[in-house]
Amino acid sequence: MAAMGTGVLIFAIAGADANLLVLEIAFTVIGVGLALNTGPVVGVAVSAVAPELAGLASGIANLARMFGATLGVAVQGTVMAIASGGAASGPHFVHGLRAAVTIGCAVEFAGAVVAFRFARDVRANQ
């Protein structure tokens, strides 16, 4: 999640006149973070339940991920609409986009802090 937050932060800082290479770096860092995040999240969910409930736990983890993504798009869209004043282009649009992306960055970093603080190896307790 920290990698995803870092990529989103690069994107937020880059601005409207960003070099294509900077944007490619931002999206690569986000993609690496997403790839490093998805497997462990499902692994933690599956290892925290009895083996016969592993499929259910995996499904619930994926459902929560999709719900979070949907909620994130809705919240960021609302923030963008409010911060941009409804502008569809120009500096007000860029301001709204930057505000929305900054919120996403903050959520990613907050999630990384929570995961670092509270995630544990459930196998150690079995």
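Below is a short write-up of the structure. Residue numbers here run from 1 along each chain, matching the order of that chain's written sequence. pLDDT decides what is reported in this predicted model: residues at 70 or higher carry local features, side-chain atom pairs at 80 or more are listed and counted, and totals for whole chains, interfaces and linings draw on all residues regardless. Computation of side-chain values: all heavy atoms of the structure, hydrogens and water removed.

Along its length, the chain carries 4 helices and 0 strands. Start at the N end of the chain and walk to the C end: the helices and strands fall as α-α-α-α. This radius of gyration counts C-alpha atoms alone. The globule rule is 2.2 Å times how many residues there are, raised to the power 0.38. Here the C-alpha radius of gyration of the chain, 17 Å, is well above what a compact globule of 126 residues would show, namely 14 Å. The principal-axis extent of the C-alpha atoms belonging to the chain is close to 55 × 25 × 20 Å. Only protein chains enter the accessibility calculation, which uses a 1.4 Å probe. A residue is then buried if its area is under 20% of the maximum for its type, exposed if over 50%, and partly exposed in between. In the chain, which comprises 126 residues, the proportion classed as buried is 17%. Contacts are assigned to residue pairs with any non-hydrogen atoms lying within 4.5 Å of each other. Considering only intrachain contacts with a sequence separation of at least 6, the fraction spanning at least 24 residues in the chain is 53%. For the area figures, the Shrake-Rupley method with a 1.4 Å probe applies, and any residue is considered shielded solely by the protein chains shown. For the chain, the exposed surface amounts to about 8300 Å²; the carbon and sulfur share of it is 74%. Every helix listed is a DSSP run of H or I at least four residues long, and every strand listed is a run of E at least two residues long, numbered separately from the N terminus.

With that settled, consider the side chain of Ser-84. Among the structural elements, Ser-84 can be located in helix H3 (residues 54–84). Among the polar contacts made by the side chain of Ser-84, one reaches the main-chain carbonyl oxygen of Ala-81 at a distance of 3.5 Å. Polar contacts, as used here, are pairs of N or O atoms within 3.5 Å; protein pairs need one atom able to donate a hydrogen and one able to accept it. Residues neighboring in sequence count only if both atoms are side-chain atoms.

This next bit is on helix H2 (residues 20–47). What a helix should span is 1.5 Å times the count of its residues minus one. The end-to-end C-alpha separation of H2 is 41 Å, in line with the 40 Å expected for 28 residues at 1.5 Å each. Measuring from the side-chain oxygen of the N-cap residue of H2 to the backbone nitrogen of Leu-21 gives 2.7 Å; that N-cap residue is Asn-19.

Moving on, we get to the layout of surface pockets. Here the largest pocket defines a volume of roughly 1000 Å³. Throughout, the protein atoms alone are placed on a 1 Å grid, and a set of points is a cavity if a 1.4 Å probe fits but cannot get out or a pocket if it is open with protein on both sides within 12 Å along at least five of seven lines; lining residues have an atom within 4 Å of a point. In terms of lining, the largest pocket is formed by 29 residues, of which the most central are Met-4, Arg-65, Gly-68, Ala-69 and Glu-108. Of all elements in the fold, only helix H1 (2–14), H2, H3 and helix H4 (90–118) reach the threshold of two or more residues within the lining of the largest pocket. Of the residues forming the lining of the largest pocket, the biggest block, 12 residues, is contributed by H3. Residue polarity is assigned by list, with Asp, Glu, Lys and Arg as charged and Ala, Val, Leu, Ile, Met, Phe, Trp, Tyr, Cys and Pro as nonpolar; anything else, Gly included, falls into the polar class. Among the residues making up the lining of the largest pocket, the classes are represented as 20 nonpolar, 7 polar and 2 charged. Grid points are joined across faces, edges and corners, and a volume is the space filled by probe spheres set on the points. In this structure, the second largest pocket occupies an estimated 240 Å³ of space.

An ideal rise of 1.5 Å per residue puts 45 Å on 31 residues; H3 measures up with 44 Å between its terminal C-alpha atoms. Listed in full, the buried residues belonging to H3 are Ala-54, Ala-57, Ala-61, Met-80 and Ser-84. Contacts from the buried residues of H3 go to H2 and H4. One or two steps after H3, the chain reaches Gly-85, where phi turns positive at roughly 70 degrees.

Here we come to a nonpolar patch on the surface. Residues Phe-67, Leu-71, Val-75, Ile-103 and Val-107 make up a contiguous nonpolar surface patch of roughly 460 Å² in combined accessible area. Elements represented by at least two residues in the nonpolar patch include exactly H3 and H4. Per-element accounting of the nonpolar patch gives the leading share, 3 residues, to H3. A relative accessible area of 57% means that Phe-67 is categorised as exposed. Exposure above 30% relative accessible area and the lack of any salt bridge qualify a residue for a patch; like charges then connect within 9 Å, and the nonpolar side chains Val, Leu, Ile, Met, Phe, Trp and Tyr within 5 Å. Think of a salt bridge as a Lys or Arg side-chain nitrogen and an Asp or Glu carboxyl oxygen that are within 4 Å of each other.

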